[in-house]
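# An overview of the molecular structure
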Amino acid sequence: MITQEEFDNKASVESEFEVDELADALAPEIEIDSVPDDLGELYRVWNGSHLLGTFYQNLEGKWVTQPCNSDKRHCCDTSASAQLLIIAVNGLLVADVAA
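What counts and what doesn't
- Residues numbered from 1 in each chain as written.
- Predicted model: local features only at pLDDT ≥ 70, side-chain atom pairs only at ≥ 80, totals over all residues.
- Heavy atoms only, no water.
- Helix = DSSP H or I, 4+ residues; strand = E, 2+ residues; numbered from the N terminus.
- Buried < 20%, exposed > 50% of the residue type's maximum accessible area, 1.4 Å probe, protein only.
- Contact = heavy atoms within 4.5 Å.
- Areas by Shrake-Rupley, 256 points an atom, 1.4 Å probe, with all protein chains shown as cover.
- Core = buried A, V, L, I, M, F, W, Y, C linked by side-chain atoms within 4.5 Å.
- Salt bridge = Lys/Arg side-chain N within 4 Å of Asp/Glu carboxyl O.

## As for the overall build of the protein
In terms of regular secondary structure, the protein is built from two helices and five strands. What you see in the protein, going N to C, is helices and strands ordered as α-β-β-β-β-β-α. Counting all 99 residues of the protein, 14% fall into the buried class. Restricting the contact set of the protein to residue pairs at least 6 apart, pairs at least 24 apart contribute 18%. Counting every atom, the protein has about 7,900 Å² of accessible surface; 52% of that belongs to carbon and sulfur.

Next comes the structure, spelled out in structure tokens:
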């Protein structure tokens, strides 16, 4: 015997809001601060109390990233690119895609 359940539009909308709230809760809280260094400012990228990495501007004007738990250093053209690279290396990059 085949039964058909009635579609509950209100329940569907409520479940969509729960998914949105869950996605908001899972998005990382990234903070940037800086400390003085011998050659200028050293910027630190944090996810809560977890240090993700650091970056600084070298003498040629490039931004050098130092992600935690990685021996690789990358040069970027902007400080925003350096921040994104550190976040991505740590697997925390969240994309906001409009459908």
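## Regarding the nonpolar core
Judged by nonpolar contacts, Val45, Leu52, Phe55, Trp63, Cys76, Ala82, Ile86 and Ile87 together constitute the single largest core of eight residues. Elements represented by at least two residues in this core include exactly β3 (50–57) and α2 (79–89). At three residues, α2 tops the list of elements feeding residues into this core. The contact partners of Ile86, leaving out residues within four places of it in the chain, are Val45, Leu52, Gly53, Thr54, Phe55, Thr65 and Pro67.

## Side note on the pattern of salt bridges
Scanning the model with the defined rule gives two salt bridges in all. The salt bridge partner of Asp33 is Arg44, with a shortest N-O separation of 2.8 Å. With Asp33 in strand β1 (residues 30–37) and Arg44 in strand β2 (residues 40–47), the pair connects residues that are eleven residues apart, well separated along the chain. Given a relative accessible area of 28%, Asp33 falls into the partly exposed group. For Arg44, a relative accessible area of 24% puts it in the partly exposed group. One salt bridge in this structure joins Lys62 and Asp77, with 2.3 Å as the shortest N-O distance. Here the residue Lys62 occupies a position in the loop between β3 and β4 (63–67), and Asp77 occupies one in the loop between β5 (74–76) and α2, the gap between them amounting to 15 residues. Look at Lys62 and you get partly exposed, because its relative accessible area is 34%.

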